[in-house]
Amino acid sequence: MTTLRPKRYSALAILLHWAIALLLLFQIGLGWALEDLPKGAMQFAGYQFHKSVGITILLLSVARLAVRFLKARPAPVQDGKAQMLLASVVHFLLYAVMIVGPLTGWIIVSTAKVRLQTVLFGKVPWPDLPVGQALHVPAEVMHGALGTVGMALIVLHVAGALHHHFKREDVIGRMLPGVMRSHGAVGIAGFSAIAVGAGALICGLFLSFPVNKAPAATLPSVIASDDAAEVRGDEPVASASSEPAVTESAAAASAKASPWKLEKGGRLGFTAEYSGEAINGSFSRWDATILFDSEDLPGSSIRATIDLASVDTGDSQRDDMLRSDSFFGVGAHPTAQFVSTSIREAGEGRYVANGTLSLHGQRKPLALRFALRISGDKATATGNATLQRLSFGVGEAEWSATDQLKDAVGISFNIKATRRVP
């Protein structure tokens, strides 16, 4: 008994075909553009998005392959033997690109020396593959070539479809909804699809990844000996559940404490010790909400937020390592935040802000010492603190030993601010 084949592909096959086609073109463009993105947080965001789209293509391609075997599909269009063989090879290789491309990228991520957790679209953690380091280089070479190969296959695939269309053979129409029956409507839809595909490729090439804008800060890379004494936050600190939300609206409850706005040109940095040498780094994006008056310390408060992906130590490979799961884990924990719970005077023009630091999914007490000079509505502050990185889970696995990479990390800052006039 012969089973009649349908004239068109199923609705699910059509949906998957066009979704994968657009994503694949977008992904190829994005892959070509990644190396040209500015180093740092923007390039990191680009790679994270590239990984997310790649895994999406992989999952959709597996679904498309399953539909291909489970759902009846139209019979191949008869043509010369060479043309039919070429069409079969192109189809096979396209499936290979759709599946092998994301798989090789997944292998690269899973075997990289600097492990950056994949979080799909910033929401869903994605595991690494349990594969050996020996696969890293072959996967990297293959992955790098698949963009060009994939583009060439897409061009051949489109050329073949147009060849049959101009011969008035309903090839394109089989992959379109049934309402498009006339040859003219199919042609318009086909050329529209080519234009949209080209748009997807261009979108990938020129996609921008906005990052949070905050005052560029630069703080002294070496902490003064007088201020470098370790501050362990041994004064009472509110628990996480009772930590007050610090906003500018709190100014209304204070008779004197006024809000301050950070000026450009400040610096927020850190100093760590590795193999007896100081490693100095800073963060280029951070911001703070400040309420302060020396005569109203109970009404004064500080909330600072740091974009951890903006870390800069002058070594791009080391910066990538710091962004990885072994250190900051910016995929799951993109920011760190300090929220003060009390501010006390520690001498003329000197203060200590006790509060909570949230970093790498951990919340620990931290005391921040700072010297402050106010002249009218202008203020300059320099300060420092010391934290234990291991208490926050920063530097795990092979980096948990403290014989080379010390546990203590110095934090320092130098800022200027202007009082906000109501």
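Residues numbered from 1 in each chain as written. Predicted model: local features only at pLDDT ≥ 70, side-chain atom pairs only at ≥ 80, totals over all residues. Heavy atoms only, no water.

1. Some remarks on the pattern of salt bridges
Alright, step 1. Scanning all chains against the criterion turns up 7 salt bridges.
Alright, step 2. A salt bridge links Asp320 to Arg323, with the shortest nitrogen-to-oxygen separation between them at 2.8 Å. Residue Asp320 and its partner Arg323 are both found in helix α6 (residues 316-323); the two are separated by 3 residues, about one turn of the helix.
Alright, step 3. Look at Asp320 and you get partly exposed, because its relative accessible area is 33%. (Salt bridge = Lys/Arg side-chain N within 4 Å of Asp/Glu carboxyl O. Helix = DSSP H or I, 4+ residues; strand = E, 2+ residues; numbered from the N terminus. Buried < 20%, exposed > 50% of the residue type's maximum accessible area, 1.4 Å probe, protein only.)

2. Some remarks on the packing of helix α4 (residues 136-166) against helix α5 (residues 183-206)
Alright, step 1. Axis separation between α4 and α5 bottoms out at 11 Å; the angle between their running directions is 165°. As the angle between them shows, α4 and α5 are arranged roughly antiparallel. Between α4 and α5 lies a crossing of left-handed hand. Of the residues in α5, those in contact with Met151, Val158, Leu162, His165 and Phe166 of α4 are His183, Val186, Gly187, Phe191, Ile194 and Leu201.
Alright, step 2. The residue inventory of the contact of α4 with α5, partitioned by class, reads 8 nonpolar, 3 polar and no charged. (Axes fitted to C-alpha atoms, helices over the stretch in contact; angles between N-to-C directions. Parallel < 35°, antiparallel > 145°, perpendicular 65-115°, else oblique. Left-handed = near helix turned anticlockwise from the far one by under 90°. Contact = heavy atoms within 4.5 Å. Nonpolar A, V, L, I, M, F, W, Y, C, P; charged D, E, K, R; others polar.)

3. Observations regarding the packing of aromatic side chains
Alright, step 1. Counting across every chain of the model gives 9 aromatic pairs.
Alright, step 2. Centre to centre, the rings of Phe283 and Phe328 are 6.1 Å apart; their planes meet at 40°, and the pair counts as tilted. Taken together, the positions of Phe283 in strand β5 (residues 277-283) and Phe328 in the loop between α6 and β9 (335-347) put the pair 45 residues apart, joining distant regions of the chain.
Alright, step 3. Assessed through its relative accessible area of 8%, Phe283 is described here as buried.
Alright, step 4. Between the aromatic rings of Tyr351 and Phe370, the centroid separation amounts to 5.5 Å while the plane-to-plane angle is 25°, which identifies the pairing as stacked. With a gap of 19 residues between them, Tyr351 in strand β10 (residues 350-359) and Phe370 in strand β11 (residues 362-375) connect regions that are remote in the sequence. Across the pair, exposure class does not vary: Tyr351 and Phe370 are buried alike.
Alright, step 5. Of the aromatic side chains, those joined through ring pairs into one cluster are Phe26, Phe49 and Phe121. (Phe/Tyr/Trp six-rings, centres within 6.5 Å; stacked < 30°, edge-to-face > 60°.)

4. Comments concerning the packing of helix α1 (residues 11-33) against α4
Alright, step 1. Running from N to C, α1 and α4 cross one another at 140°; their axes reach a closest spacing of 10 Å. Compared by their axis directions, α1 and α4 come out oblique. For the element pair α1 and α4, the recorded crossing hand is left-handed. Touching His17, Leu24, Leu25, Ile28 and Trp32 of α1 are Gly147, Thr148, Gly150, Met151, Ile154 and His157, all from α4.

5. Examining α5
Alright, step 1. Its 24 residues place the ends of α5 35 Å apart at the C-alpha level, agreeing with the 34 Å of an ideal helix rising 1.5 Å per residue.
Alright, step 2. Regarding α5, the residues found buried are Val186, Gly187, Ala189, Gly190, Gly197, Ala200, Leu201 and Gly204. (Expected span 1.5 Å × (residues − 1).)

6. Overview of the nonpolar core
Alright, step 1. If you look at the biggest cluster of nonpolar residues, it comprises 46 residues, and the most contacted ones within it are Phe283, Phe292, Leu308, Phe328, Ile343, Leu359 and Phe370.
Alright, step 2. Residue contributions to this core peak at 5 residues, all from strand β13 (residues 408-419).
Alright, step 3. Not counting residues up to four positions away in its chain, the partners in contact with Leu308 are Phe283, Phe328, Val330, His333, Pro334, Thr335, Ala336 and Leu359. (Core = buried A, V, L, I, M, F, W, Y, C linked by side-chain atoms within 4.5 Å.)

7. Comments concerning a nonpolar patch on the surface
Alright, step 1. Residues Trp32, Ile202, Leu205 and Phe206 make up a contiguous nonpolar surface patch of about 430 Å² in total accessible area.
Alright, step 2. The greatest single-element share of the nonpolar patch, amounting to 3 residues, is contributed by α5.
Alright, step 3. Tracing the backbone through its elements, the reader meets Phe206 in helix α5.
Alright, step 4. Exposure remark for Phe206: the relative accessible area of 65% places this residue in the exposed category. (Patch = residues over 30% accessible without salt bridge, like charges linked within 9 Å, V, L, I, M, F, W, Y side chains within 5 Å. Areas by Shrake-Rupley, 256 points an atom, 1.4 Å probe, with all protein chains shown as cover.)

8. Some remarks on unusual backbone geometry
Alright, step 1. A positive phi angle, near 60°, is found at Arg168, a position not held by glycine.
Alright, step 2. Looking at the secondary structure, you find Arg168 in the loop between α4 and α5.
Alright, step 3. Classification of Arg168 as exposed rests on a relative accessible area of 61%.
Alright, step 4. Located in the positive-phi region is His360, a residue other than glycine, with phi close to 55°.
Alright, step 5. Within the secondary structure, His360 sits in the loop between β10 and β11.

9. With respect to the side chain of His165
Alright, step 1. Checked against the element boundaries, His165 lands in helix α4.
Alright, step 2. Every residue in contact with His165, bar those within four places of it in the chain, is listed here: Ile172, His183, Val186 and Gly187.

10. What to know about the environment of Phe370
Alright, step 1. For Phe370, a relative accessible area of 7% translates into the label buried.
Alright, step 2. A C-alpha to C-alpha distance of 3.8 Å links Phe370 and Gly383, two positions 13 residues apart in sequence.
Alright, step 3. Ignoring any residue separated from it by four or fewer positions in sequence, one finds Phe370 in contact with Phe292, Ile302, Ile343, Gly349, Arg350, Tyr351, Ala353, Thr382, Gly383 and Phe413.

11. Examining the pairing of β11
Two faces make up the sheet, and in a regular strand the side chains alternate between them.
Alright, step 1. As defined by bridge partners, β10 adjoins β11 across 10 bridges and the pair is classed as antiparallel. For Arg350, the partnering residue across the bridge sits in β11 and is Ala371.
Alright, step 2. Where β10 hands over to β11, the hairpin turn is made up of 2 residues, of which His360 adopts a positive phi near 55°.
Alright, step 3. Note: β11 against strand β12 (residues 378-388), 7 bridges, orientation antiparallel. (Pairing = 2+ DSSP bridges.)

12. Regarding α1
Alright, step 1. With 23 residues, α1 should cover 33 Å at 1.5 Å per step; its first-to-last C-alpha distance of 33 Å lies within 8% of that length.
Alright, step 2. Those residues of α1 that sit buried are Ala13, Ile14, Leu16, Ile20, Leu24, Leu25, Phe26, Gln27, Ile28, Gly29, Leu30 and Ala33.

13. Concerning the pairing of strand β4 (residues 267-274)
Alright, step 1. For β4, the tally of buried residues reaches 6 of 8 residues, placing the bulk of the element in the interior.
Alright, step 2. Here β4 runs beside β13; their pairing, made up of 5 bridges, is antiparallel. When the bridges of β13 are listed, Thr271 appears paired with Gly410.
Alright, step 3. The sheet contact formed by β4 and β5 spans 7 bridges and is antiparallel. From the neighbouring strand, Ala272 faces β5, where its bridge partner is Ile279.

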